[in-house]
Amino acid sequence: MGKILLISLCFILTVSIIFGFVAFLNKANEKFNATIIFFEFIPGVSSNEQPGSIYEHLQKDKYGRELVKGQVYFLPTNKVEDIYAIIQKYDDGGVYIYEDNNYFIAEYGNIEDLKALNDWNTPLDETKMSYKKGSYESLQVKKSNQTEIDMTLMLDKFAKKTGISKDEITYELNIDVDVKGNCLNMYVHEGDTREVYAVVCDNNYNIKYVIVEVNENYPKQIANLKKQIGWVYG
């Protein structure tokens, strides 16, 4: 009887260890995937162009926020950049962030200022968070309550407004969409010089744009452009 009990206990312990290890792996994968999803929504970062991107989880505050770092392809500079960002929290499907205040390019910011902007080590405030889920394509379907914007028509409208030939647009990056269906894209124009345009468009195909400059004000450039189109955060 004692031998049977011992075998049973060993079996239960083994099963518990296996399931615990599997759960640990799943949690690690969830964490990594959350970071991938997050970096897809930093304007200008393209995960498709840098499949070997490196992501590091650097710190966590006492309320669960995470400071992360990515070495990623950044469209405006056309090279790999170090970018720091803070995730407020995440679930199985996406991440919660302080949109447009959640990141900086390493050369033009510092971690302490980023922490201050993101209420590091203070209670979570969901009223200040935006939720980013999945890919740009899934957002068009799942998050927008409005008709999807035709990307070809958006490019046509942009080309007409700027006088740029579509043949000189060498790269298009779909970045984000809000709950009204307003879109944020980037286009690379290769003429006499290389220019990167951040472009917003609403469901009536009203276009606003800016030639982006990579400096300490880069996040504000994107935020100000969104405001011109009536972007809805959340």
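All values derive from a computational prediction rather than experimental measurement. (Residues numbered from 1 in each chain as written. Predicted model: local features only at pLDDT ≥ 70, side-chain atom pairs only at ≥ 80, totals over all residues. Heavy atoms only, no water.)

### A few points about the overall build of the chain
Now for step 1: Regarding its fold elements, the chain presents five helices and 11 strands.
Now for step 2: Across the 234 residues in the chain, those meeting the buried criterion constitute 41%.
Now for step 3: Long-range pairs, those at least 24 residues apart, make up 57% of the contacts in the chain between residues at least 6 apart in sequence.
Now for step 4: By element, 53% of the accessible surface of the chain is carried by carbon and sulfur atoms, the whole surface being about 12,400 Å². (Helix = DSSP H or I, 4+ residues; strand = E, 2+ residues; numbered from the N terminus. Buried < 20%, exposed > 50% of the residue type's maximum accessible area, 1.4 Å probe, protein only. Contact = heavy atoms within 4.5 Å. Areas by Shrake-Rupley, 256 points an atom, 1.4 Å probe, with all protein chains shown as cover.)

### Some words on helix α5 (residues 218–228)
Now for step 1: The set of residues buried in α5 consists of Tyr-218, Pro-219, Gln-221, Ile-222, Ala-223, Leu-225 and Lys-226.
Now for step 2: The inward-facing, buried residues of α5 contact β2 (66–74), β6 (103–105), β9 (183–190), β10 (194–201) and β11 (207–211).
Now for step 3: Remark: Gly-230 follows α5 within two positions and exhibits a positive phi of approximately 80°.

### Some points on the nonpolar core
Now for step 1: Ranked by internal contacts, the top residues of the largest apolar core, which has 32 residues, are Phe-38, Phe-39, Ile-42, Ile-83, Met-186, Tyr-218 and Ile-222.
Now for step 2: Considering every element that reaches this core, the biggest residue donor is β2, with four residues.
Now for step 3: Within the second largest apolar cluster, 15 residues are counted, among which are Leu-155, Tyr-187, Val-199 and Cys-201. (Core = buried A, V, L, I, M, F, W, Y, C linked by side-chain atoms within 4.5 Å.)

### Concerning the sheet that holds strand β1 (residues 54–60)
Now for step 1: Here four strands make up an open sheet; going across it, the order is β1-β2-β3-β6 and the pairing antiparallel. The open sheet has two edge strands with one neighbour each: β1 and β6. This sheet shows a mean twist of 20° between the axes of neighbouring strands, independent of strand direction.
Now for step 2: In terms of strand pairing, β1 meets β2 through six bridges, oriented antiparallel. (Pairing = 2+ DSSP bridges. Axes fitted to C-alpha atoms, helices over the stretch in contact; angles between N-to-C directions.)

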